[in-house]
Amino acid sequence: MALVEACGISKRFGGIVALDDVSIVVEKGEAVGLVGPNGAGKTALFDCLNGVRHFDSGEVRFEGRRIDRLPVYQRARLGIGRTFQRLELFAGMSPREHLMVAERVHRADGRLWKDLIGRGRARATVARVEELLVELGLEEVADHPIETLSQGHGRLVELGRALIQDPLLLLLDEPASGLDTRETAAFATILLEVRARRRTAMLVVEHDLDLVRRVVERIYVLDFGKLIASGRVDDVLAEPVVRRAYLGDVT
Amino acid sequence: MTQFLSYAIPGLPYGCVFALMAVGLVLTYQTSGVFNLAYGAQAYASALIFYVCVNAGWPSWAGFLVAVAVVAPLLGLAMDRFLYRFIRSAPVLVKLVSALGMLIAIPSALQLIFGNQQRLAPPSLWLPPSSVYFHVAGDAINGTELSTVIVTLAVVLLASLMSHFTQIGLRMRAMAESPRMVQLAGINSELVGIAIWVLSSFLAGLAGVLLAPLFADLQALNFTDLLVAAIAASALGSLTSLPLAFWGGIGLGVVQELLGGYLPSGSVLSSGLRPALPFAVLIVLLLALPGLRERWFHDDPLAGCDPPPPPMATTIGGYGLEGFLRAGSWTLLAVFFVSCLTWVPGNWTFTLTQGLAYSIVFLSIVLLTGMSGQISLCQASFAGIGAFTCAQLASHFGVSVLVGIVAGGAVAALVGVVVALPALRLGGLALALATLAFGLLADNVGFQFAWSGNGNSGVNIPRPQLGSINFTSGKAFFVLAFVALVVCSAVVLAIRKGTTGRELAAMRGSELAAASIGTNLVKLKITVFAVAAALAGVGGALYGSLQGTVSPDDFNSLLSLVFMVVVVTTGVYTVEGAIQAGMAYVILYQVLDYLPSQWRNLFPILFGLGAITYALHPEGVVEWQRRRVVEIVVDWRKHPEAVG
């Protein structure tokens, strides 16, 4: 059984067809890339997978179960973690607090009465948070306000916030955008370590093909809302139809 | 048909005034990104100055020149240059609170200057008010109504001619589309911005002068209602379209009078629903128009092109003074408690007990706005719900007052759940306006029934009794209020430290991300609104029991605005902030009571101006000063010779 399976997803925004009958599959523990020119519908597909947007037709299964009607938070609790192309961080909180809140929500500690009788605090959280901060190399900036940190740190905090919930599937939306070459390489290394250690399945939207090559096993290519190719990275990128979509007509 | 017309036509003058205001609001919002809530105060300022001039024997054209052509633009320009200009890309709360501060401070400042006596029969701008010119469908059209309609049409015609056929008009329209693009096109956008402020302030002044004679006397409160009507009208145009805002204003005025005509006269429905119509329209529009929601959700027209504001100051730490500071606050608390029970005179104990009750209400603002980022402008109404529930239970059903106080909190929490429902879809400015409208609805309709607030006569609440303990004496009630505040503070602190508090902070930071980590925003928002409303309800009930009698006036919407400004100025992020705000509020009021009555207007002025400091010091005045002291102490410890 596939981990996540999207069948025939279509989504229109007014007259624009953002997604046209797109089907993708990610197996357990597998890393898959999703590439395509800007406006191809990559983020729209992500939004449909994690529930930020509803789609017009098609269905999404997670571990064999239909999840299209579930709200965002329930899909998150099932094990779909996500990062954002435009960073969505919690203003005013430090990296440590970002991980802390995600960990607590994950353990479903959010009961008001537990807080009121002082049972909402747990020791185990702290150890897990510290461990992950070290793993991501964030320990030095762990207590700085998030606004004072760089884009690169922001991307790592988003990754950590998703990872601490032990997701089965991680949706990474352009993790390298806004990072320089060195930071991108470091980020790819971290992703590889994460994969090696946790076997988390990943679906990665990315323009940086070096990162894609290093991290994923196979890719899907979207263009104008249509799936135009899929398969092993180098084979797919060599296909004329993909080169045309990315580079225009090459004669 | 004739009947329809006879009801509709008297609505036209109101509609004209609403329309003028709506157009001005949209104009400045589009070009400066600031939703100018002080607009109502600007209208009031011109109306008052016009009144004063004409009463001093000036001809009305001279009064018009001074009040509308000179003072109004100057006032608007001053606000833009000295305040709004600096906060254009600031968070919604900063902009909102600064504007609220002005809305509260300006009328009081004017009353301080010109006296706060009652001003009857405001003069008409042009034609004599009492002479009847002609009849339409049985309606006698008098001078006030006629001049309002004619002047409005003339001004709107002129303005639209200007905007379509002159250079500056073209630039203004371009500004409304995109202020940044205008700059890039090589136009001095600051100058065009100034022109727009002048024009919109002129419209506000004109609207104020035209509106005044439609009421029997000149009251600042009428202009706040006018403001909300104008907001509703501009919402009809999705806050972007000037013509739609204009026709929305006209329509609102007419429908309001139609309602008054067709509803059974004399009932609470007709006396309450008619003035409440704009608020109801506003709530419905906010919820129904998706474009409007998107727009306000993403906050302001300049978002994305101006740099984000500097990060909020985090808590001080690392100085090794935390233990000392904590011990200091506990000592202060103990001294305060013992003093109130021993040497403090009775009237001051009463005042400080009021402060404790207000502190509980203010805790709700800390929980809702400071900790969760939800801006609610109806917390005084929740306090009212608590107080009236307790009062009705105690005086009509013989329920013990202590039980009544708890029941007041519970009923307020239920209403809080209802108010949370729009909050599920709205955020930022839209939520603030929706809650403001809810508060005005409560004022005008909800609290007017005999079974609720009982209109102006109010309801009695006795002091509570628990077994053999009687809380009638001032000191006993002080202890009760103190215990209640400690319990409520403990609740807020527990929420803050627990998982819920962190989830609230996450929601404040980014709703999208909070949902993506598995936070149930629906449940969280409903919970926080309910708990906050309960706190306000308990505080209101305690306040009522202390006073002995409560009427809707004790909890009017203007008070909600004042509460927000007071708490945000003093410190909206901490529990201490709420308590300091409560105490500062009553102590200042009591101190001003020793001054001549006119000086009592200093109170709103101080807090109104204080609100401006929020833009620079979001941590609040008290915390800001505390940090300064700590820094001086730390400096002195490191380099004793440099300071001495």
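Here the residue numbering is sequential within each chain, running from 1 through the sequence in written order. Naming scheme: in the order in which they are written, chains are lettered from A and ligands are numbered from 1. Totals for whole chains, interfaces and linings use every residue, but because this is a predicted model, local features are given only for residues with pLDDT of at least 70 and side-chain atom pairs only at 80 or more, for both listing and counting.

Q: I'd love a proper account of the overall build of chain A, names of residues and values included.
A: Each helix is a run of H or I in the DSSP string that is no shorter than four residues. Each strand is a run of E no shorter than two, and both are numbered from the N terminus. Looking only at helices and strands, chain A has ten helices and ten strands in total. The size measure is the radius of gyration over C-alpha atoms, and the globule rule it meets is 2.2 Å times the number of residues to the 0.38 power. Computed over the C-alpha atoms, the radius of gyration of chain A is 19 Å, within 12% of the 18 Å expected from 2.2 N^0.38 for a compact globule of 251 residues. In terms of overall dimensions, chain A has a C-alpha envelope of 65 × 40 × 35 Å along the principal axes. Counting over 251 residues, chain A shows a buried share of 46%. With C-beta atoms placed from the backbone, the exposure class of a residue follows from how many other C-beta atoms lie within 10 Å of its own: 20 or more, buried; 12 or fewer, exposed; in between, partly exposed.

Q: Give me the sheet that holds strand S2 (residues 16-26) of chain A: which residues, what numbers.
A: All names here are of chain A. A pair of strands counts as paired when DSSP detects no fewer than two bridges linking them. Pairing is antiparallel across the open sheet formed by four strands, whose spatial order is S2-S1-S4-S5. Two strands close off the open sheet at either side, each with one partner strand: S2 and strand S5 (65-66). Sheet analysis places strand S1 (residues 4-13) next to strand S4 (residues 57-62), joined by five bridges and oriented antiparallel. If you follow Ser10 over to S4, its bridge partner there is Ser57. A pair of residues counts as a contact when their C-beta atoms, built from backbone coordinates, are separated by no more than 7 Å. To define axes, lines are fitted to C-alpha atoms, for helices over the stretch in contact only, and angles between the resulting N-to-C directions are given on a 0 to 180 degree scale. Sheet contacts for helix H1 (residues 42-50): S1, S2 and S4; angle to S1, the most-contacted strand, approximately 120°.

Q: Summarise the environment of B:Thr569; cite the residues concerned and give the values.
A: Residue and element names in this part refer to chain B. Looking at the secondary structure, you find Thr569 in helix H23 (residues 557-570). For the pair Thr569 and Thr435, spaced 134 residues apart in sequence, the C-alpha separation works out to 20 Å. Discounting residues that sit within four places of it in the chain, Thr569 has contacts with Phe607, Gly610, Ala611, Thr613, Tyr614, Gly620 and Val621.

Q: Tell me about the environment of A:Gly8, and name the residues and values.
A: All names here are of chain A. Examined against the element boundaries, Gly8 turns out to sit in strand S1. Overall, Gly8 belongs to the partly exposed group, with 13 C-beta atoms counted inside 10 Å. The residues touching Gly8, leaving out its near neighbours within four places in the chain, are Asp21, Ser23, Ser57 and Gly58.

Q: Would you mind going over helix H7 (residues 181-198) of chain A in detail, with residue names and values included?
A: All names here are of chain A. Expected span, for any helix, means 1.5 Å times one less than how many residues it has. Over its 18 residues, H7 extends 26 Å from the first C-alpha to the last, a length consistent with the 26 Å expected when each residue adds 1.5 Å. Those residues of H7 that sit buried are Thr184, Phe187, Ala188, Leu191 and Val194. Buried residues of H7 fall within an arc of 120° about the axis and therefore sit on the same side. With respect to the buried face of H7, the exposed residues turned more than 90 degrees away are Arg182, Thr189, Glu193, Ala196 and Arg197. Backbone geometry just after H7 places Arg199 at a positive phi near 55°. This arc is taken over the directions from the axis of the helix to the C-beta atoms.

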